[in-house]
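Analysis of the macromolecular model
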Amino acid sequence: MLRGRTVLLLLVLWAYLCSHGDGLRALKRTTGGRRGAALTLTGQDANGVPLRRSKRGWMWNQFFLLEEYTGLDNQYVGKLHSDGDRGDGSIRYVLTGDGAGTLFIIDENSGDIHATKRLDREEKAYYTLRAKAVNRITNTSLEGESEFIIKIHDINDNEPKFTKDPYFTHVPEMSPLGTVVMQVTATDADDATYGNSARVVYSILQGQPYFSVDPNTGVIKTALPNMDRETKENYVVVIQAKDMAGQMGGLSGTTTVSITLSDVNDNPPRFPKSLYEFKAPESSEPGSTVAVLQATDADIGRNAEMNYRITSSDGPAMFDISTNRSTQEGVITLRKPLDFERKRSYTLRIQVENSNPDPRFLRYAATTDEAMVKLIVEDVDEPPVFDRVSYVMEVKEDSAVGTIIGSVSATDPDSSRSPVRYSIDRRTDMDRVFNVHPGNGSVFMLRTLDREENPWHNISVIATEFNNPRQISRIPVYIRVLDVNDNAPTFATYYETFVCENAKANQRIQTVSATDADEPIGGHRFFFSLAHEVSGKANFTVRDNKDNTAGILTRRNSYSRLQMSTYLVPVVISDGDFPMQSSTNTLTVRVCTCDHEGNMQLCNQEALVLTAGLSTGALMAIIICVLILLIIVVLFAALRRQQRKKEPLIISKEDVRDNVVSYNDEGGGEEDTQAFDIGTLRNPEAIEESKHGFLVNLTDNIYELFRVSGMKSCIL
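Here the structure is a predicted model, which is why all the values come from computation and not from measurement.

What counts, and where the lines are drawn
Residues numbered from 1 in each chain as written. Predicted model: local features only at pLDDT ≥ 70, side-chain atom pairs only at ≥ 80, totals over all residues. Heavy atoms only, no water. Patch = residues over 30% accessible without salt bridge, like charges linked within 9 Å, V, L, I, M, F, W, Y side chains within 5 Å. Areas by Shrake-Rupley, 256 points an atom, 1.4 Å probe, with all protein chains shown as cover. Salt bridge = Lys/Arg side-chain N within 4 Å of Asp/Glu carboxyl O. Helix = DSSP H or I, 4+ residues; strand = E, 2+ residues; numbered from the N terminus. Buried < 20%, exposed > 50% of the residue type's maximum accessible area, 1.4 Å probe, protein only. Pairing = 2+ DSSP bridges. Axes fitted to C-alpha atoms, helices over the stretch in contact; angles between N-to-C directions. Disulfide = S-S within 2.5 Å.

Regarding a nonpolar patch on the surface
On the surface, a nonpolar cluster with roughly 530 Å² of combined accessible area is contributed by M620, I622, I623, V626, L627 and L630. As for its position among the elements, L630 is in helix α4 (residues 616-645).

Dropping the structure here:
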């Protein structure tokens, strides 16, 4: 193989030399050295342009150097010679520039230039050097320095290389013939301006008959129409790039192209079966899943999305169907409860279709598919079912214990029809006001009711299967207590009323209203009057305002606080319901001293508290109270000081005689206990207690004085 390549390189070199003979021709000087005659330098540059140089007395043998030299000796480049060189060794040749001394060396005696290493045109295409001839002894230049170029001659030593390896791409399935898949590109490092070393031709080595490649551009196209991804999805194509225009002996490189057929929606969904059968217990709740079915679609991703719908059913509005987007399953759910005793099976027709159909393929095949679904209802032991969702009962508050308020009813929905037992959930009736008959469900009273205390009672009744006590149901029962007129009206609030001493007859001193705990249907209607037993000697009268209020009026002119400080007015209030209820309410009226405008000035304690402000008389009473209290405090302090200044009863034994009291009355002896208190004489502290009692009596007397005068409140 190596020998064949060497022969090929020699043939290429021979052909080049034959076509570029002028480039290898020696450059000869036409006139001698320094005589100043014109010099001619012949040859061609790399572009074939003739070269003419003057005033040079030396010649060249070569402009080009073959790359990738494989010989053992240094590669000969050319020869530098001056006409002034007589062969006596007096001239020395000097070479400078690119690679001088390393890549290129010169024999300073003969002027021969050699390359010391293998050169690669792809690394450096040409070298610029300068040459001159100098006197060996004086080191002076015999000729002017001349610049020349050594161009590296290219050989086909580089194979084409692709920009990527491998390539990855995709093309839609079902594409028509000649659809462009992608373009591959290969480059050759050889000289594209010379020969065919860098001229690349593309061909396909693997991937036929599905794909083809354009030999000049590297564009890959589909070679078959309507390739189906569902049949084969991935293809591996090997592309070759060969230089020398694809001729024999050219170098080549390959790359791999992985082509994937991308999916299009060219397949409709299909049910694997035409009939499905499912079972669901009748206890399934509305909204629960009763069946799941799966259609298949050969497409993938968005093209495999599908929608399900119910086209017909023998249970209208009983079921819904939806699509699980993560699994593309059809999920059938309940809309209404199942009942084994009413209907034991259902038949549904289900249709499936593409969610995102492609109009290009609608004409090729049916876009939908259908299947039948049979749903079998399974019997379940169910709890009793009440005939209502709740019960509302009414009872009058005066009903007797044991009165039946109403009844509840529940039945076993199963075919066994088990008897039902009733009871009350005592957590909803802690006071045990009601009870229920266990057999017929009658609700009756265990205690009396009071609407004013509790107008509603909310209890729960439990129905239990007799054959299976674990099957129970609860139902709320709302019991409304109806009102009975069993409460008499009373004053709406507590009234404190006063009348002025200078009041006139028929003067209104108070307006009263009433309240009633009952709630008659038509609303309250109260009637006010004065009690009959006092109507003949009454000092006041009651006037009914016909609006559930009444006015209290005086019946005479002037009242005396000293004669009667307080009056009690009995007011009878009746309601308008049946049976009529009435009550006598006492209104306390106090007599007070007022000014000519009717403002209270002086009144008893209760009337004083009632006033919103302080009149002049009330202010004077307070000042008098304060002064009297100060006098009491001063008297008490004076008595305390006098007590400290008094001397003991007996100071010494010698003074006993001076303290003996003589009198002429005959005593009663030891049995006489009425004359004096012997304990007081024996206990001096009793004297102090008697003084304290004196102060207490004094305070009580003052308090009584103020009470009589109507100023007791200042003492309190």
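Observations concerning the pattern of salt bridges
Opposite charge on two side chains permits them to pair, given that their charged atoms come into close proximity. Applying the stated criterion to the full structure yields 18 salt bridges. Taking the shortest distance from any N to any O, the salt bridge between R229 and D263 comes out at 3.0 Å. Taken together, the positions of R229 in the loop between β14 (219-222) and β15 (234-242) and D263 in the loop between β16 (252-262) and β17 (275-281) put the pair 34 residues apart, joining distant regions of the chain. We classify R229 as buried; its relative accessible area is 8%. Take D263: its relative accessible area is 16%, and that puts it in the buried class.

Some words on the sheet that holds strand β6 (residues 126-135)
An order of β1-β7-β6-β3 is seen for the four strands of this open sheet, with the pairing classed as mixed. Of all strands in the sheet, those bounded by a partner on one side alone are β1 (64-66) and β3 (91-97). Direction aside, the axes of adjacent strands within the sheet are offset by 30° on average. Sheet topology places β3 next to β6; seven bridges connect them, and they run antiparallel. Its bridge partner lying in β6, V94 is registered against K132.

Quick word on the state of the cysteines
Inspection of the entire model under this criterion finds two disulfides. One disulfide bridge connects C500 with C594, the sulfur atoms lying 2.1 Å from each other. Here C500 and C594 share a disulfide; its torsion about the S-S bond, -80°, makes the bridge left-handed. In this pair, C500 is assigned in strand β34 (residues 497-500) and C594 in strand β40 (residues 582-594), connecting sequence segments 94 residues apart. Judged by relative accessible area, C500 falls into the buried class, the value being 8%. When its relative accessible area of 11% is taken as the criterion, C594 is described as buried.

Let's talk about the pairing of strand β20 (residues 319-324)
As judged from the six bridges shared by β20 and strand β21 (residues 329-334), these two strands associate in the antiparallel manner. Pairing of D320 across the sheet is with T333, part of β21. Where β20 folds back on β21, the antiparallel hairpin that results is connected by four residues, among which Q328 adopts a positive phi of roughly 60°.

Some words on the sheet that holds strand β10 (residues 180-183)
The sheet built from three strands is open, its strands ordered β10-β14-β13 with antiparallel pairing. In this open sheet, the two edge strands, each paired with only one partner strand, are β10 and β13 (211-213). Within the sheet, the average angular offset between the axes of one strand and its neighbour, ignoring direction, is 20°. The sheet contact formed by β13 and β14 spans three bridges and is antiparallel. Within β14, the position partnered with V213 by the bridge is I220.

Read these as spatial facts, not as claims about activity.
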